[in-house]
Amino acid sequence: MSSHREAPEISKDPVADSTDVYAFVSPDRPGTVTLIANYIPLQEPAGGPNFYAFGDDVLYEIHVDNNGDAEPDVTYQFRFKTEVADKQTFLYNTGPITSLRSPNWNNRQTYEVTRVQGHRSTVLASGLASPPCNIGPLSTPDYPLLAREAVHELHGGIKVFAGQRAEGFYVDLGAIFDLADLRPFQNLNLYGMHIFHKGAPGVNATAQVNVHSIAIQVPISELLWGRPHGKVADAGSVIGVWTTASRQRVSVWDAGRGETVTSGPFHQVSRLANPLVNEVLIPLGEKDRWNTQEPAHDKVFAEYVTHPELAGLLPVLYPGVFPHLEALDRSNAPRADLEAILLTGVPNGIVPGFQNYSGPVLADMLRLNTAIPAARKPNPLGVLGGDLAGFPNGRRVFDDVVSIELRAIAGLTVPLVNKAYKPDAAAGVLTDGLTPKSVPAGYQRQFPYLGNPYSGFYTPSS
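Think of each chain on its own: its residues are numbered from 1, step by step along the sequence as written. Confidence filtering applies because this is a predicted model: local features only for residues at pLDDT of at least 70, side-chain atom pairs given and counted only at 80 or more, and all residues used for totals across whole chains, interfaces and linings. Just so you know, side-chain values use all the structure's heavy atoms and leave hydrogens and water out.

A few words on the nonpolar core. Counting 100 residues, the largest nonpolar core has Tyr60, Phe78, Ile216 and Val241 as the members making the most contacts within it. We call two residues contacting when some pair of their heavy atoms lies within 4.5 Å. Each residue touching Val241, except ones within four places of it in the same chain, is listed here: Val21, Ala23, Leu35, Ile62, His63, Val64, Ala273, Met365 and Leu366. Throughout this description, the term nonpolar core refers to a set of buried Ala, Val, Leu, Ile, Met, Phe, Trp, Tyr and Cys residues connected via side-chain atoms within 4.5 Å. Relative accessibility under 20% of the residue-type maximum defines a buried residue, over 50% an exposed one, and the middle range a partly exposed one, all with a 1.4 Å probe and only protein chains included. Core analysis: the next-biggest nonpolar cluster, separate from the first, contains six residues, Val351, Phe354, Val383 and Ala389 among them.

See the structure below:
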């Protein structure tokens, strides 16, 4: 749900569909930032014989803005190439894959990483190996080893990884899109179809699916310059992060060669920064257009953030539970708190010891204050839970962004900009009933942080 099948057109093009973006100060490597962009949502592990892979015809990019204009100052580009060793077999592998150089691996991908700064492009590395998908104990007997081999250390203290990972985002999709019938609060539902004296736990719809991750870990010094930085209060310590996927404008199927031929300039077909923005806040008629726009143009979409439809629906779905939110929604007052959280960053002086304000430009970017160190005892509720290293200060792989954003939309964060407002009691406990423990694969303490993918052999097919 963070951005899984969030718009009509991109839902038809999963290899270009970004699911999540993460940006955080690396907990195991102080002085570096980790940026992760996930693609290809809701992968069933037993997806053979044509297992999932990045698109060779897709330009994947992770962008960083360091001066608050919502324009990329540094971009990391990733281009992939697939090679089939034996075209006369249907098999993805003809025997166990025991290393990334195994001759048994029949369908492998390599990639190139390019750093773009201004008009200068520098190829950081090429021919880097992606790991295979996790097929099962016979085909991929030591998958953790393959994954470790696929972590590449580049010049200048940079690490990269591109390949399959376990989905780390947890969400009760069944409840959220059933008119926000959150299982822990079913006894409060207006329609009363499933009344319980006690709420039910959430069901993680992504519990046993995989994604493809593009992860890069870079020194903070590679991302900041020009403005004073290094202290939490410094505007120059804040970066804005988003990802895009682009395709060439012309695509023609060549029946003679049995392949698609592409040409022309690249055109953006997908983008993502803060979770749930296009998914929940942008209306259906604007979702596809939103995906093609740059963050610097987001002023035209700002009304959907400052007047969120869900804020008006919650009092209807849960009558009598959100009287203050209902009055706020009826006043038609713009939600300055949501504007700060999602479109500008939180200015100095609102949350003690914290700011991630990038400036007045309204833009959907993950804003990370690089001067705030990784938390020793992380709280998945991030800033709402008193952990200033978590969402909406960037986003870590385990942050409970669903609960955070539900509570923010329900009015919990309004006092940040309006001290007189008293949030409804329910706003402080709103959740879909899931936690990081809802992810069976768990998380890793080192790069690339997301867990090893689920295998088709052990994971029941849906």
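Three- or four-residue spacings in an α-helix give side chains the same orientation, since the helix completes a turn every 3.6 residues. We count a stretch as a helix when DSSP gives it H or I for four or more residues in a row; a strand needs E for two or more, and each element gets its number in order from the N terminus. Along helix α9 (residues 401–409), nine of the nine residues are buried, which leaves the element largely enclosed by surrounding structure. Summarising the contacts, the buried residues of α9 are in contact with α2 (173–176), α3 (277–281), α6 (309–317), α7 (323–331) and α8 (336–344).

Our next topic: the pattern of salt bridges. We count a salt bridge whenever a side-chain nitrogen from Lys or Arg sits within 4 Å of a carboxyl oxygen from Asp or Glu. Tallying each qualifying case throughout the model produces 13 salt bridges. Residues Glu83 and Lys81 are paired through a salt bridge, measuring 4.0 Å at the closest nitrogen-oxygen approach. According to the relative accessible area criterion, Glu83 is partly exposed, its value standing at 41%. One salt bridge connects Arg335 with Asp337, and the closest N-O pair in it is separated by 2.9 Å. Here Arg335 falls in the buried class, since its relative accessible area comes to 4%. Residue Asp337 is classed as buried on the basis of its relative accessible area of 2%. When salt bridges with common partners are traced through the structure, they connect Asp13, Asp57 and Arg247 into a single cluster.

Structurally, Ile220 is set in the loop between β9 (210–219) and β10 (238–254). When the C-alpha positions of Ile220 and Thr370 are compared, they lie 7.3 Å apart, and in sequence the two are 150 residues distant.

What follows covers the packing of α8 against α9. Every axis corresponds to a line fitted to the C-alpha atoms, with the helix fit spanning only the stretch in contact, and the corresponding angles, defined between N-to-C directions, vary from 0 to 180 degrees. At their nearest, the axes of α8 and α9 sit 10 Å apart, and the two run at 150 degrees to each other. By the criterion of interaxial angle, the relationship of α8 to α9 is roughly antiparallel. Across from Asp337, Leu338, Ile341 and Leu342 in α8, the residues of α9 making contact are Glu405, Ala408 and Ile409. Considering only residue class, the contact of α8 with α9 consists of five nonpolar, no polar and two charged. The labels follow the angle: roughly parallel below 35 degrees, roughly antiparallel above 145, roughly perpendicular from 65 to 115, and oblique for the rest. Any residue outside Ala, Val, Leu, Ile, Met, Phe, Trp, Tyr, Cys, Pro, Asp, Glu, Lys and Arg is labelled polar, Gly included; the first ten of those are nonpolar and the last four are charged.

Here, a strand pair is defined by DSSP locating no fewer than two bridges between the strands. Taken together, the five strands give an open sheet; going across it, the order is β1-β2-β9-β8-β7, and neighbouring strands pair in antiparallel fashion. Of all strands in the sheet, those with a lone pairing partner are β1 (18–25) and β7 (152–154), marking the two edges. Sheet twist, expressed as the mean angle between neighbouring strand axes with direction ignored, is 15 degrees. Two strands pair when backbone bridges link them, and strand β8 (residues 158–166) and β9 are joined in this way by eight bridges, in the antiparallel orientation. Bridging from a neighbouring strand, Arg165 pairs with Val211 of β9.

Here we come to the packing of aromatic side chains. To pair, rings of Phe, Tyr and Trp, with the six-membered ring standing in for Trp, must have centres within 6.5 Å; the planes then decide the type, stacked if under 30 degrees apart, edge-to-face if over 60, and tilted in the middle. Inspection of the entire model under this criterion finds twelve aromatic pairs. Measuring from ring centre to ring centre gives 5.6 Å for Tyr60 and Phe80, while their planes differ by 85 degrees; the resulting arrangement is edge-to-face. You can see Tyr60 sitting in strand β3 (residues 58–65) and its partner Phe80 sitting in strand β4 (residues 74–84), a full 20 residues away along the chain. As far as burial versus exposure is concerned, Tyr60 and Phe80 are alike and both buried.

For the rest of this paragraph, the subject is the environment of Gly174. Examined against the element boundaries, Gly174 turns out to sit in helix α2. Gly174 gets classed as partly exposed once you look at its relative accessible area, which sits at 48%. Residues Gly174 and Asn204, 30 residues apart in the sequence, show an inter-C-alpha distance of 8.7 Å.

Of all residues in the chain, 95% have pLDDT values of 70 or greater, and the mean over the chain is 93. What pLDDT conveys is the predictor's confidence in a given residue, as a value from 0 to 100. Here residues 189–197 scores under 50 on pLDDT; set against residues more than four positions off or in separate chains, the count is 15 contacts.

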